[in-house]
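Residues per chain are reported as follows:
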Amino acid sequence: MNQMARLPAPVEPGQPQRKRRHARSGTFGVIDIGSTKAVCLIARIESDGSPRVLGFGWQRGRGVKGGSIVDLEEAERAIRAAVGQAEEMADTRIPGAIVNLSCGQPDSRQLNIQWGIGGRAVTENDLRAILNEGRRRTVEEGRETVHAIPLGFTVDATPGVDDPRSMICDTLGARLHMVSASQASLRNLGACLMRCDLEVEELVSAPFAAGLATLVEDEKQLGATVIDMGGGTTSLAVFSEGHLVHTAQIAVGGGQVTNDLATVLSTPVAHAERIKTLHGSVHGGADDDREFLPVPLLGEDEHAIARIPRAMVVGIIKPRIEETFEMVRDRLDAAGLGKEGGTRVVLTGGASQLVGVRELAARVLDRQVRVGRPLAVRGLAEAASGPAFASAIGLLLWGAGEGRPVLDIAPGPARAGGAFRRFVNWVKDRV
């Protein structure tokens, strides 16, 4: 594996080199709310555009299942504790945060819109009207648009235009990527953060954030698929020509592997997690039948220990991971992206660290696969720099201006008072 591709230095492509136009000013926070953990990072953007972490908090996930909040009180406790740790370390309080979107069964679709200009210069109002038209076409009862990303414009017969403002044409064509989510799940997410005295300043698709943290610039341009293997979900993001072109989510993750082990071996979930972490693999070895592992039995006294061959553990884990990649393959095939999806896959997330996962993914997906570690971030401890923290680090990079479209225009009316205020007001109106 190419080490430089796995651990880019701060000066490698993909890492901000100077302060970007849409970078946050001052201190800001990000929160990654997952099924197995809640993470809060507090950072500021340095003069060269790179984020520096000032505070870090981590708590075991509670009240979240399959990426969605199912118990407000438990989720609030986990988020409050993680934010409190980060605030204490940074010696500052944050009024709100950039939050990952993994709830609400996110839906991804592309639209082609033709907009009459009539021989005049294209204005920002035209572009905003096109995004509103995209929202109107994708609106479904009970869903809310979260991302509206222009993938490119066609000025009359000239395609490949990134920014058509001030260009004169009769017809402006726009290719949009729209990501929406369930309003009910978004309301619960907003309500949970409000109970923690925090505002949702921006929402960022979780696999999108993971891609910002793990892909190098050439992968984003040539086409690559990021598969974020979390505890409760496996999500994917497809990048092409520098844009996010597709996202999807599967309600299967590392937690299901743990439950499979606990069920088949009749052992406590905590011990099943320990077996998975220390001995988990999808690739059998020559000595697996002769290597026996101690397994405490569920409901028995502490002396009731069974001994099972390691091959049995592999036999439990492999089918679940294989099934997960088959589901990912089906989602990619159904999206019909063709060459846009590229031939490269980058695995990240905690479950991607199981031995043999890369080789299994390459066989099932029939693509080149690497395991992606997040870009190095100043001030962040090594323990929080692995694949399990890719989404949180990607949120930091988003705050630094990374990954934002050339036309960073909200899909609704003009912003008033800061990023994603429209969503904040929308939540307040309904909570």
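Use the structure listed above.
This write-up is about the structure you can find in this document. (Residues numbered from 1 in each chain as written. Predicted model: local features only at pLDDT ≥ 70, side-chain atom pairs only at ≥ 80, totals over all residues. Heavy atoms only, no water.)

## Considering the overall build of the protein chain
We count it as follows: Secondary structure elements follow DSSP: runs of H or I no shorter than four residues count as helices, runs of E no shorter than two count as strands, and numbering proceeds from the N terminus. Categorising residues by exposure relies on relative accessible area from a 1.4 Å probe, with only protein chains included: less than 20% of the type maximum marks a residue as buried, more than 50% marks it as exposed, and the intermediate range marks it as partly exposed. Contacts are assigned to residue pairs that have any heavy atoms within 4.5 Å of one another. Note on areas: Shrake-Rupley, 1.4 Å probe, and residue coverage restricted to the protein chains presented here.
Looking only at helices and strands, one finds twelve helices and 18 strands in the protein chain. When burial is assessed residue by residue, the protein chain has 55% of its 431 residues classed as buried. Restricting the contact set of the protein chain to residue pairs at least 6 apart, pairs at least 24 apart contribute 70%. For the protein chain, the accessible surface area stands at approximately 18,500 Å², while carbon and sulfur atoms represent 49% of it.

## Observations regarding the layout of surface pockets
What counts is decided by this rule: Grid spacing is 1 Å over the protein atoms alone, the probe is 1.4 Å, and a cavity is where that probe fits but cannot get out, while a pocket is an open set with protein on both sides within 12 Å along at least five of seven lines and lining residues have an atom within 4 Å of a point. Grid points are joined across faces, edges and corners, and a volume is the space filled by probe spheres set on the points. Residues are grouped as follows: Ala, Val, Leu, Ile, Met, Phe, Trp, Tyr, Cys and Pro are nonpolar; Asp, Glu, Lys and Arg are charged; every other residue, Gly included, is polar.
Considering only enclosed or pocket space, the largest pocket measures out at about 1,200 Å³ in volume. What lines the largest pocket is a set of 49 residues, and nearest its centre among them are T36, G230, G231, G232 and G255. When the residues that make up the lining of the largest pocket are grouped by side-chain class, the tally is 15 nonpolar, 26 polar and eight charged.

## Structural notes on the packing of helix α7 (residues 254-265) against helix α9 (residues 310-335)
Where we set the bar: For every element, the axis is a line fit to its C-alpha atoms; helices are fit only across the contacting stretch, and the angle between N-to-C directions ranges from 0 to 180 degrees. Should an angle fall under 35 degrees it is taken as roughly parallel, and over 145 as roughly antiparallel, whereas 65 to 115 is taken as roughly perpendicular and any remaining angle as oblique. Left-handed describes a crossing whose near helix is turned anticlockwise from the far helix through less than a right angle; right-handed describes the clockwise counterpart.
Relative to each other, α7 and α9 sit at 140°, their axes nearing to 10 Å. Between α7 and α9, the angle falls in the class oblique. Of the two possible hands of crossing, α7 and α9 adopt the one that is right-handed. Contact residues: α7 offers Q256, V257, D260, L261, V264 and L265, while α9 offers M312, V313, I316, I317, R320 and I321. Partitioning the contact of α7 with α9 into residue classes produces nine nonpolar, one polar and two charged.

## Structural notes on the pattern of salt bridges
Oppositely charged side chains may form a pair once their charged atoms are brought near each other. Just so we agree on the cut-off: By convention in these notes, a salt bridge is any Lys or Arg side-chain nitrogen within 4 Å of a carboxyl oxygen on Asp or Glu.
Enumeration over the complete set of coordinates arrives at 33 salt bridges. Note that E219 and R370 form a salt bridge whose closest N and O atoms lie 2.8 Å from each other. Of this pair, E219 sits in helix α6 (residues 217-222) while R370 is found in strand β18 (residues 368-371), placing the two residues 151 residues apart along the sequence. Relative accessible area serves as the criterion here: at 6%, E219 is assigned to the buried category. With its nearest N and O atoms 3.3 Å apart, the salt bridge here joins E273 to K276. A residue pair is termed a helical-turn pair when its members lie 3 or 4 positions apart in one helix, as E273 and K276 do in helix α8 (residues 269-279) at three residues. Here E273 falls in the partly exposed class, since its relative accessible area comes to 34%. If you follow the salt bridges from partner to partner, you end up with R24, E201, E202 and R404 in one network.

## Considerations on the side chain of K220
What counts, and what does not: Nitrogen and oxygen atoms within 3.5 Å of one another constitute a polar contact, given that in protein one can donate a hydrogen and the other can accept it, and given that sequence-neighbouring residues count only through two side-chain atoms.
Within the secondary structure layout, K220 lies in helix α6. Under the relative-accessibility criterion, K220 is labelled buried at 4%. Looking at K220, its side chain comes within polar contact range of the side chain of E402, at 3.0 Å. Beyond its immediate sequence surroundings of up to four residues, K220 is in contact with G211, L212, L215, F239, S240, E241, G242 and E402.

## Topic: the side chain of S35
The topology assignment puts S35 in the loop between β1 (27-33) and β2 (37-45). Excluding residues within four positions of it along the chain, S35 makes contact with G61, V64, K65, G66, G67 and G232.

## Here we look at the nonpolar core
Soluble globular proteins tend to pack their nonpolar side chains together in the buried interior. Short version of the rule: Put simply, buried Ala, Val, Leu, Ile, Met, Phe, Trp, Tyr and Cys residues joined by side-chain atoms within 4.5 Å make one nonpolar core.
Counting 72 residues, the largest nonpolar core has I227, I321, F325 and L347 as the members making the most contacts within it. Not counting residues within four places of it along the chain, the set of residues in contact with I321 comprises M229, V257, V282, L354, V357 and L360. Of all hydrophobic cores here, the second largest spans 29 residues; its members include A78, C103, L186 and V200.

## A closer look at the packing of aromatic side chains
Stated formally: A pair of Phe, Tyr and Trp rings is counted when the ring centres sit within 6.5 Å of each other, with Trp represented by its six-membered ring. The angle between the planes then sorts it: under 30 degrees is stacked, over 60 is edge-to-face, the rest tilted. Lysine NZ or arginine CZ positioned within 6 Å of the ring centre and within 35 degrees of the ring normal marks a charge as sitting over the ring.
Within this structure, the stated rule accounts for three aromatic pairs. Ring plane angle 70° and centroid distance 6.0 Å describe the contact between F56 and F389, whose orientation is recorded as edge-to-face. Placement of F56 in strand β3 (residues 51-60) and of F389 in the loop between β18 and α11 (390-399) is noted, with a sequence separation of 333 residues between them. Judged by relative accessible area, F389 falls into the buried class, the value being 10%. Judged by centre distance (5.8 Å) and plane angle (45°), the ring pair of F208 and F239 falls under tilted. Here F208, found in helix α5 (residues 206-214), pairs with F239, found in strand β13 (residues 234-240); they are 31 residues apart in sequence, far enough to count as distant. Summarising the burial analysis for this pair, F208 and F239 share the class buried. Here a set of aromatic residues connected by ring pairs shows up, and it is made of F208, F239 and W398. Residue placement shows K37 over the ring face of F389; its charged tip is 5.5 Å from the ring centre.

What is shown is where atoms sit, not what they do.
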